[in-house]
Amino acid sequence: MLLLGFTLSMRTSTSHAQSVVDKIDHYLQARLAKSSVPGLAIALVHNDTVLLSKGYGVTGANTPVRANTPFAIASLSKAFTAMAIMQLVNAGRISLDAPVNDYLPSFATADRRGQSITIRQVLHQTSGLADTSFPELAFHQQPASLDEATAQLNSARLVSEPGNQFHYHNPNYRLLAKVVESVSHESFADYLQRHIFKPLRMSHTQDGSATKSFYTGSDRIETGHIFVLGQPLAMREPDWFVEGAAGMHSTVNDMAHWLSLQLAHGRIGKTHLLSQHAMTQMHTPAQTSMHYGMGWIVGPDSSLYHSGILWTYSAEQLLLPKEGYGVVMLFNSGLNPYIDYHSFLQGVAEILAGQEPQVPTFPDWFLPIGVGLILALFIGLAIRRLLGLGYWRQQYEQRAVWRSWLFLGVRLLPLLTLLLIPSLLTAVSGRVLNWERIYLMMPDVILGLSLIALLNLAIVLTRVVWLYSGNGFNWAEKRAKV
């Protein structure tokens, strides 16, 4: 009887798991049909069992995405860097509360507070370094190595005392990668390969120092995508030094092993990569960061999450330790204001919670097309005004001078808006981007707004030239009449 009960329980459990997998599969097919995202892959694990590992859509080479298709995983790389550090902590070769200078004597910042930054603070993104004082995403000259990346920090100023505030900043994890090299006497890529990838049988996972390395080697990735008017356009990732912070590419088959390791507290079968205590430390936020552990964002329900975003690739991963689930989703398209990659993951999480996820009614290209039409309308109106100088002269002669100048001033608002975009993005996100990266994020909007700004500037200039050329209405006479 006991054996029969156990068998029935196993069948029920297997049936339920298959039902969940089928729902997720149908949801992703329906969701992708409403999306401009060209391709994605997902892995779902329950503890050490892979329930689903599958690709959807096509690659940049227009071939089917499969479970072994390599994707850039962007900032999901940070948790691997954190694990490398914690392995060395386990081995007694690094102390979390020791200053970074103990392991990298060459490390320095533009103010002396940098000398007190600890390994723990860098892991928790509370070092005091931030994009607003060291805008590495806006640098046109990228470092060629971890040594150069570390040397660049000599010009960085801290925006807060070490340990006091959270600032998400990629150079923190570049610095950690260099610490791994200094302590282990191995290159960072070799360390990851020997101590993490190989033991986990992640045979299609590689680390690179710069985005251009994504396209070399046996497991090179295909080109990802940006979006123009809601439609994907294949292109390579812009040149960017990413080692330690966003330099890995992998497959969902490989990432399934990584998720299982997290759920098993650092050990899968006979593979023991990290102590349970060290893994718990990785999954626990610092008091000052409130939510950021070591390469993981910790939710109030003890869930663990991290996203990764490049300009042509993106990634999402979620751990639900209480339920024993882990999910990773990799996309071959990048940063764009109209694409909500997290909503794909949220839908999967809702299915796992026994809920019904909502598939959008309208495709996600509907909004960018609408915005494009609005921009086209404003471009047309601006061209009409530019060609209508004669009509404006008549209007000018019939109204108060201040109203004419007010209308001309209003026409400079599109130019002012365009010039303020970098500052507005920094105010919203805390990140500093150069114009190349802003353009790749929303090329249609930037091109449309730029054209509108230039046309309105031309309108202002032609009217001002007419006024100052002696052909304009006599201002003194006009003021007297008014």
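Refer to the structure presented above.
Everything quoted here is computed from the prediction, not taken from an experiment.

The rules behind each value
- Residues numbered from 1 in each chain as written.
- Predicted model: local features only at pLDDT ≥ 70, side-chain atom pairs only at ≥ 80, totals over all residues.
- Heavy atoms only, no water.
- Helix = DSSP H or I, 4+ residues; strand = E, 2+ residues; numbered from the N terminus.
- Buried < 20%, exposed > 50% of the residue type's maximum accessible area, 1.4 Å probe, protein only.
- Contact = heavy atoms within 4.5 Å.
- Areas by Shrake-Rupley, 256 points an atom, 1.4 Å probe, with all protein chains shown as cover.
- Lys, Arg positive; Asp, Glu negative; His and termini not counted.
- Charge placed at Lys NZ, Arg CZ, Asp CG, Glu CD.
- Salt bridge = Lys/Arg side-chain N within 4 Å of Asp/Glu carboxyl O.

A. Structural view of the overall build of the protein. What the protein contains, in helices and strands, is 16 helices and 13 strands. Each of the three principal axes of the protein carries a C-alpha extent, and together these read 105 × 60 × 40 Å. Taking all 482 residues of the protein together, the buried fraction comes to 52%. Considering only residue pairs separated by 6 or more positions, the protein has 72% of its internal contacts joining residues 24 or more positions apart. Carbon and sulfur atoms make up 58% of the accessible area of the protein, which amounts to about 22100 Å² in all. Charged side chains in the protein number 35 positive and 32 negative. The centres of these two groups are separated by 8 Å.

B. Inspection of the pattern of salt bridges at higher detail. Considering all chains together, one arrives at 10 salt bridges under this definition. Arginine 174 is paired through a salt bridge with glutamate 136; the nearest N and O atoms lie 2.7 Å apart. With arginine 174 in helix H5 (residues 170-184) and glutamate 136 in the loop between helix H3 (119-123) and helix H4 (146-152), the pair connects residues that are 38 residues apart, well separated along the chain. Judged by its relative accessible area of 4%, arginine 174 is buried. With relative accessibility at 0%, the residue glutamate 136 sits in the buried group. Linked through salt bridges whose partners overlap, the residues forming this network are Asp111, Arg113 and Glu161.

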